[in-house]
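Observations on the three-dimensional arrangement
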Amino acid sequence: MFMRTLLHQNTNTQNTNSGRMEVSLRLAMSLFGLITVVVLVGSLNGLKERNQHTDNLTGPDFSAEASLVKCTLQGTPRQPAFSMDGDFVIGGTFLIHYQAQTVINNYTSKPELPICKGSFSGLGLQFSRTMVFAIEEINNSTELLPGVRLGYQIFDTCASVPVAVHAAFQLSNGQDPVFYQGSNCSKSGQVVAAVGDSGSTSSISVSRSFGSFKIPLVSYFSTCACLSDKHEHPTFFRTIPSDYYQAAALAKLVKHFGWTWIGAIHSDSDYGNNGMASFLDTALKEGICVEYIESFYRTDPQNKIRKVADAIRRSTAKVVLAFAPVGDMKVLLEELSREPTPHRQWIGSEAWISDPLLMSFSFCAGAFGVAIQQSVIPGLRDFLLDLSPAEVAASSVLTEFWEDAFNCSLTEAADPHKGKCDGTEDIKALKSPYTETSQLRVSNMVYKAVYAVAHAIHNAVCQETNGPTQCDKHKHLEPEQVFTELKKVNFSQNGYHVSFDANGDPVAFYELVNWQKSESGVIELVTVGYYDASLPRGQEFLINRNITWMDGYKQQVPVSVCSESCPPGTRKVLQKGKPICCYDCIPCPEGEISNMTDSPDCFPCPREFWPNPKRDACFHKPVEFLSFDEVLSIILTVVSISGAFLAIITSVIFFHHRTTPIVRANNSELSFLLLFSLTLCFLCSLTFIGAPSEWSCMLRHTAFGITFVLCISCVLGKTIVVLMAFKATLPGSNAMKWFGPPQQRMTVVSFTFIQVIICIIWLVVSPPFPVKNLTTYKEKIILECALGSAVGFWAVLGYIGLLAVFCFVLAVLARKLPDNFNEAKMITFSMLIFCAVWITFIPAYVSSPGKFTVAVEIFAILASSFGLILCIFAPKCFIILFQPEKNTKKYLMNKN
């Protein structure tokens, strides 16, 4: 069982830390740990031992002793840093030194125990002494485990997995070199539970070792989310939250401040690897991109540490998130301090962000992160400072701490370069992580872990009665019983709640802490908020005071993005081969907008809307039509009214001189009807100006069609009159008899009536109607009259054209008739102008966009109307007004 457990542990440890020199150390030390396990002496030797022992026994004890197996430790036991006997013993593993001496085994002699060396951890000593304090406090309690004395065995793991595993086996077996046990030596001895370890990698190995024997392990500082797996670590508990929650808190913290481009470094250990993996999963969901990910370990070669430091220096990300323990961060920050480093905003995990030792690196001022909740443990400071010389001298660990803190020696055989301690050393005046109790965080996790174990033991051996609580200190307590009770613990100590969920994890609660420089220039740890995972989503964060950022930013939040945010009116286009946070901002295409920052897409405006110039909002498209307040409309209106006024003046002149030969020469009745129709033609152009409505659309086309047919009918009648008049002068001709005034009137009415019928059919079947033209222009709406039936529209125009052509042909035939005033010539010119205008009108009408279509139609109406009135009536008016001598029948009848 020991071999299987040990090999399992070694396999996982190598996978986690492959490629480092420590692998060989772990293998060697694990083998060393294996030989310290209590083994069953071979059956023959065991039988021999029992026979020898039997020979020496007499009396009634013979049968009892004969049934026991002699168990012998096959290695040198490791001495605990602190120990005390008790009715029930609790184990403890703490990182008091940062490194273990590397031992190279030659396999020809018995391996030696690795010796702890390197930097001394004042915090680790504080944590271990906190466990001692808690146990002594419990032993003095009359409510918790009354009458029961707890003992402890506390080991220094030296930040080494093999040492931690060795300590775990020793806690499982005890320290007795020889003891007797029934049937075999696989039964665990000594401790009923253990508190530890500080590192996740060590806790993983220790937990697997303890798991086979159902020994519960309550960690105070191991946060790897992998330890929540009850299949791998069935007896593991912890009083510190899992990295699953820490990773979520850090990712949301980074997102909260808008940092989408960060660098990430982590320890090449279970803590760093698993923590960073959890963070990256959450960061991906939050839209955070990582420029680089670097891993390292404190025992790595210097060039590997330098590579990580160089990656931080040359990066474009201004925010660096570090998921590493204190020892690893110390090595990295020392490397960074050797050369000038650009200002970086550090985001730290709870393992190092609250460590006072690292606050001496001033370039990290403004660091921000999550930390274990600050707490108060009454009496702990007095206990830590109450170190008598005798107590210090009795403990090798306290001796080393004392000599290191005061730079003196307690023994003469110690370092000759140090003076002898003279007893004047004042630990109360000492500035050390060990004596720093203003920021008790992890120490409270140790305190709660010890109390959790004590409550589990209490529930297992004590009974609540009506009187005082009765506890059986002689009860044989198995670790499995403590494990069962640990799952049920639910209590509060000093105002801090302690309980475990199904995975052995507590409720996640973190303080948000910030490294702020005091007025004296010293970096202090300031709590600026908290993160509570038990609160509803979106309410987990609370930042309740100002944050100091990295140098150069003061109260301004640093910006760390790969690409600046795309403003509204643009969209993001990812840069090829780069993370999603690196993109270009492309303006939205025509007709589309984006109304938010960093929009991934632009979307089109509704049909009747169009983007503003910035393309960040849609507004109603301007509605365009030929309105009366436009310059073009005013000009056309003036021309139209002028034309109508000219027709009226001409009518007045003709009426005043109605008895003169020139007025009577060609059916004055048709002339007045023609002038009336021309007036209507000029005025009907006004119906094309203004906002189209249902009535105006029907009126403008029908009025235009009918008035023009009336006009052309009159001209046609006059042309026929000219032809008939000259034909009547021939001998034997009675042409005028068949085309007298009644026939002329009937001709005009008939031709006009046909147009009226065409218009009525058009209006009944499919009349013109107002419509919003959204296709001609994308950016505006053309309000126009749809034809309804294109056949009806072209039928109206076609009929006008037919009459005009017919009139033109007749006028051409009559243009050479002998007369001083041959009106047929004038009609020919007028029809020529009329036809030319309307022939050019068709392509101009089809190609003109928007309101200019209407303007072209008005221009054609006015041009053709002016052509008629000027060609037909202007010469007559000129003679009437300026050459009255020619206004005689004799002059008119003279042949050229």
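Everything that follows concerns the structure shown earlier in this document.
Report follows, based on the coordinates. (Residues numbered from 1 in each chain as written. Predicted model: local features only at pLDDT ≥ 70, side-chain atom pairs only at ≥ 80, totals over all residues. Heavy atoms only, no water.)

1. A look at the overall build of the chain
- Each helix and strand counted, the chain has 26 helices and 34 strands in total.
- A total of 896 residues make up the chain; the buried ones form 52% of that total.
- Counting only contacts in the chain whose residues sit at least 6 apart along the sequence, the fraction spanning at least 24 positions is 70%.
- Accessible surface, the chain: about 40,500 Å² in total, of which carbon and sulfur atoms supply 58%. (Helix = DSSP H or I, 4+ residues; strand = E, 2+ residues; numbered from the N terminus. Buried < 20%, exposed > 50% of the residue type's maximum accessible area, 1.4 Å probe, protein only. Contact = heavy atoms within 4.5 Å. Areas by Shrake-Rupley, 256 points an atom, 1.4 Å probe, with all protein chains shown as cover.)

2. A closer look at the sheet that holds strand β34 (residues 781–786)
- Taken together, the three strands give an open sheet; going across it, the order is β32-β34-β33, and neighbouring strands pair in mixed fashion. What marks the edges here is a single partner per strand, and that holds for β32 (623–624) and β33 (769–773).
- The pairing of β33 with β34 spans five bridges and is antiparallel. Along β34, the bridge assignment pairs K772 with L783. (Pairing = 2+ DSSP bridges.)

3. What about empty space enclosed by the protein?
- Enumeration over the complete set of coordinates arrives at two cavities of 30 Å³ or more.
- Along the walls of the second largest cavity sit F625, L626, F688, G690, P692, R700, I782, L783, E784, G850, K851 and V854, which together make up its complete lining.
- Broken down by secondary-structure element, the contributors of at least two residues to the lining of the second largest cavity are β34 and α25 (851–882).
- The greatest single-element share of the lining of the second largest cavity, amounting to three residues, is contributed by β34.
- For the lining of the second largest cavity, the class distribution of residues is seven nonpolar, two polar and three charged. (1 Å grid on protein atoms, 1.4 Å probe; cavity = no way out; pocket = protein on both sides within 12 Å on 5 of 7 lines; lining within 4 Å. Points joined across faces, edges and corners; volume = space filled by probe spheres on them. Nonpolar A, V, L, I, M, F, W, Y, C, P; charged D, E, K, R; others polar.)

4. Overview of the sheet that holds strand β25 (residues 541–543)
- The strand order β13-β12-β14-β15-β16-β23-β24-β25 describes an open sheet built from eight strands, whose pairing is mixed. Every other strand in the sheet has two partners, leaving β13 (289–296) and β25 as the edge strands with one partner each. When the angles between neighbouring strand axes are averaged without regard to direction, this sheet yields 30 degrees.
- Two strands pair when backbone bridges link them, and strand β14 (residues 319–323) and strand β15 (residues 345–348) are joined in this way by four bridges, in the parallel orientation. Along β15, the bridge assignment pairs V319 with Q345.
- Seen against the sheet, helix α10 (residues 302–314) touches β12 (261–267), β13, β14 and β15 and runs at an angle of roughly 160 degrees to β13. (Axes fitted to C-alpha atoms, helices over the stretch in contact; angles between N-to-C directions.)

5. So, the pattern of salt bridges
- Scanning the entire structure with this criterion turns up 15 salt bridges.
- Sharing partners across several salt bridges, the network here consists of R306, E335 and R338. (Salt bridge = Lys/Arg side-chain N within 4 Å of Asp/Glu carboxyl O.)

6. Overview of α25
- Helix geometry: α25 is bent most strongly at F873, by close to 40 degrees, with proline P875 lying one to four residues after it.
- Counting buried positions along α25 yields 24 of 32 residues, so the element is predominantly enclosed. (Bend = angle between axes of the 7 residues up to and from the residue.)

7. A closer look at the environment of Q170
- Within the secondary structure layout, Q170 lies in helix α6 (residues 161–173).
- For the pair Q170 and Q79, spaced 91 residues apart in the sequence, the C-alpha separation amounts to 9.6 Å.

8. Here we look at α6
- Given a rise of 1.5 Å per residue, 13 residues ought to cover 18 Å, and the 18 Å separating the end C-alpha atoms of α6 matches this to within 8%.
- For α6, the buried fraction is high: 13 of the 13 residues fall into the buried class.
- One or two steps after α6, the chain reaches G174, where phi turns positive at roughly 90 degrees. (Expected span 1.5 Å × (residues − 1).)

9. As for the nonpolar core
- Judged by nonpolar contacts, the single largest core of 106 residues is most densely connected at M131 and I457.
- Every residue in contact with I457, bar those within four places of it in the chain, is listed here: F88, I90, L145, L150, V192, C462, L477 and V482. (Core = buried A, V, L, I, M, F, W, Y, C linked by side-chain atoms within 4.5 Å.)

10. Looking at the pairing of β12
- By the criterion of burial, β12 is predominantly enclosed, with seven of the seven residues buried.
- The two faces of β12 match: W261, G263, I265 and S267 on one face and I262, A264 and H266 on the other face are all buried.
- In this structure, β12 lies alongside β13, joined through seven bridges in parallel fashion. For G263, the partnering residue across the bridge sits in β13 and is Y292.
- Regarding the hand of the β-α-β motif, the stretch spanning β12, helix α9 (residues 270–285) and β13 is right-handed.
- Pairing analysis gives five bridges linking β12 to β14, with the strands arranged parallel. By the bridge assignment, A264 is partnered in β14 with L321. (Right-handed = clockwise from strand over helix to strand, strands pointing away.)

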